[in-house]
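What the coordinates show
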Amino acid sequence: MTGFATFVRAAHAAGHLVVQPRMGFSDPALMRAGLVATRRAHATTVGTVTLDSYTRVGDYAAVLAAAAEGTPLNGYPIVTTDDATTRHVLSDSARHGFPVQVRHGSPLPGDIVDALVALGLDATEGGPVSYCLPYSRVPLRESVTAWSRSVEAFAAAPGEPHLESFGGCMLGQLCPPSLLIALTILEGLFFRRRGIASLSLSFTQQTSAEQDAEALHALRRIAADLLHDVDHHIVVYAYMGVHPRTEAGSLALLADAARLAVRGGAARLIVKTPAEAHRIPTIAENVSSLEHAAAVARTVGPEEPAVEDSGVEAEARTLIAAVLDLHEDVGEALVRAFSAGVLDVPYCLHADNAGRSRAHVDGSGRLRWSAVGSMPIARSDQDLRPVTSGALLGYLHRVEQRYDHPVLTDGTPAAVLS
Amino acid sequence: MLNHLRDEGRRVLLCTVSSDSHTWNLVFLQLLLEEHGHDVTNLGSCTPDDLVVARCLSDRPDLLVISTVNGHGHADGKRLITKLRREPALRTLPVVIGGKLGIAGAADVDRAGELVEAGFDAVFAEGADLSGFNRFVSTARERRSLEGAAP
Ligand code: B12
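Now for a look at the structure at hand. The model shown is predicted, which means the values in this text are computed figures rather than measured ones.

Here's the deal with the site of the ligand
Taken together, 43 residues sit near the ligand, with Gln173 and Arg279 of chain A together with His22, Thr23 and Ser67 of chain B positioned nearest. Lying at an intersection of chains, the ligand is approached by residues of chains A and B. With respect to the ligand, the backbone of Gly71 of chain B contributes an N or O atom lying 3.4 Å from a nitrogen atom. The contact in question runs from a nitrogen atom of the ligand to an N or O atom on the backbone of Gly102 of chain B, over 2.9 Å. Secondary structure elements with two or more residues in the shell around the ligand: helix H3 (53-56) and helix H14 (389-396) of chain A together with helix H2 (24-35), strand S3 (63-68) and strand S4 (95-99) of chain B. Ranked by the residues each element gives to the shell around the ligand, the list is headed by H2 of chain B, at four residues.

Structural notes on the coordination of the cobalt atom of the ligand
Just one protein atom coordinates the cobalt atom of the ligand, and that atom is His22 of chain B (NE2), at 2.2 Å. By secondary structure assignment, the location of His22 of chain B is in the loop between strand S1 (11-15) and H2.

Thoughts on unusual backbone geometry
In this structure, Tyr347 of chain A is a non-glycine residue whose phi angle is positive, near 65°. On the basis of relative accessible area, Tyr347 of chain A is assigned to the buried category, the value being 4%. Positive phi, normally seen in glycine, also occurs at Cys46 of chain B, with a value near 45°.

Section: the interface of chain B and chain A
Between chain B and chain A, the residue contacts involve 29 residues of the former and 30 residues of the latter. Both faces considered, chain B and chain A share a buried interface measuring about 2,300 Å² in area, 61% of it formed by carbon and sulfur atoms. Along the contact surface separating chain B from chain A lie zero salt bridges. Counting every contact that joins chain B to chain A gives 11 residue pairs in polar contact (both at pLDDT 80 or more). Broken down by secondary-structure element, the contributors of at least two residues to the side of chain B that touches chain A are H2 and helix H4 (73-86) of chain B. The class makeup of the residues in the side of chain B that touches chain A is 13 nonpolar, 11 polar and five charged.

What counts and what doesn't
Residues numbered from 1 in each chain as written. Chains lettered and ligands numbered in written order. Predicted model: local features only at pLDDT ≥ 70, side-chain atom pairs only at ≥ 80, totals over all residues. Heavy atoms only, no water. Near = heavy atom within 4 Å. Polar contact = N/O pair within 3.5 Å; in protein donor to acceptor, adjacent residues only side chain to side chain. Helix = DSSP H or I, 4+ residues; strand = E, 2+ residues; numbered from the N terminus. Donors = N, O, S within 2.8 Å, 3.2 Å for Na, K, Ca; no water. Buried < 20%, exposed > 50% of the residue type's maximum accessible area, 1.4 Å probe, protein only. Contact = heavy atoms within 4.5 Å. Buried area = accessible area lost by both parts, 1.4 Å probe. Salt bridge = Lys/Arg side-chain N within 4 Å of Asp/Glu carboxyl O. Nonpolar A, V, L, I, M, F, W, Y, C, P; charged D, E, K, R; others polar.

This is the structure:
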């Protein structure tokens, strides 16, 4: 199952978008079957082992208690499962040289990284900011220290260890693209500084196809400037916020994500399924989403259409430069940036986030700043009125509404699909 | 002063369960409760059991609202309410839980009864209507009986 980076590089060179599920089950037999089904899907795929929430927060007692009671978890508990069992889960992938990435969401990833390195896995994901602020109440400084150590350990693993930054998906939704780009690039610089030679930068589909295209273009250009000396690719995430409730809505959103990924030069796409709004998806639902995304991707030419320039790239570069100015070590610079509010993630409740920025979806569907706090972003249209619960739900459900209730060409809403 | 505050706004402690890092639900519920005149303390993501118990004892809220969507709500909620009800001072505190409580979607909704038995005053499973919740918050009084809880 080794060779994640090599596999993605080769697929990208051959013009195939790599598609990947967000899959994780606590039952080892299901987890194994999920990896086998992902490998066999009619698509260019890599496998995923998503970890459960107890393992993410280091509550191993709760994993064991759930196992004793037979309560299924929301992911695979890689740290507490014995080695032989996990090796069996991975044996089909190993035999076929099928790449597998471990996805978690832990600000203190030591045990997880140790476990995956011991199992011979060569790909994982996260970052000191992107796996701390949206995933925990652990102080940012502790996360930076823990991630420093784990990234160094992972970088020293055999083969070509590949690490993805989750910085392009902060909180899943309502984070303007310049900040997502800045965070994934800064985490990429953090990884490189700690010895990683192959990495990926993430970006999630958001509320506007035009704005997303502009953002991906900007991300590619900035990565080419600042990370040209390491192997890197771009990974797009199908919308990470509130998901359409209908199957038709979900598949249309995924199709748009596949188009965005191919046109934006991404090598890999993380899919979602029509179960997203409701519950953990089954293996079959994952496979059908992988195949749907791959089928759409095959119909899209790689030529990048002209993108608009509304200032996303300039804003991202300003944020990155302001952070790098704070300290020569990017880890320390990130800690200082958050404490000074130079980076400030909208609606993030984490105690180390300043919490003075706000964002909204404008009439054209683009994400905009309503308030920038102390971030070095020039604003002319700050709107400091408090956001109401109704307005917030409106922003959060904008994508779901648009895809669940498509508007007919004459402007009247189509019948509710279900 | 507290007494007259109680007639209109209530002091609500808002949290999630220890394994759950989702916060949009908390941000939304805080705004909703504040718009209804309540005074909200939002403890943020992944709230450890001990922190919730300690804050209930020190802050003496009128009501504890637990929101969780990661699918571990049944297990974590049961463990947390058992710890809360073990504190003599918290036996009558109104406590509600809501969100996506299991990983099986609609199939989980039936399991609300177990949580009530474990000591919750109300369970708002996925799809529950928010006006029922608003009514509950403004009218909740201390629990009179302690079905299922140890003396
Ligand atoms: C955004 C999101 C994230 C973001 C969260 C960022 C953050 N800090 O908040 C990120 C990407 C980080 C994330 C991570 C994870 N997520 Co998530 N996430 C979502 C997503 C897409 C949207 C949630 C959202 O923002 N909703 C907006 C808010 C306002 O609505 P809400 O949370 O649904 O709450 C409403 C009601 O439920 C209700 N309600 C909620 N609580 C309460 C309480 C009371 C008392 C009442 C009356 C009502 C009520 O009122 C709200 C308004 O209508 C959902 C899927 C979806 N809905 O589309 C998955 C989802 C919730 N996530 C899920 C999971 C499992 C995870 C992870 C464990 C990763 C994984 N294995 O996939 C991790 C969490 C790690 C952890 N330690 O817990 C699952 C839960 C599965 C289940 N319950 O069956 C979901 C359903 C996706 C899925 N189908 O797999 N996630």
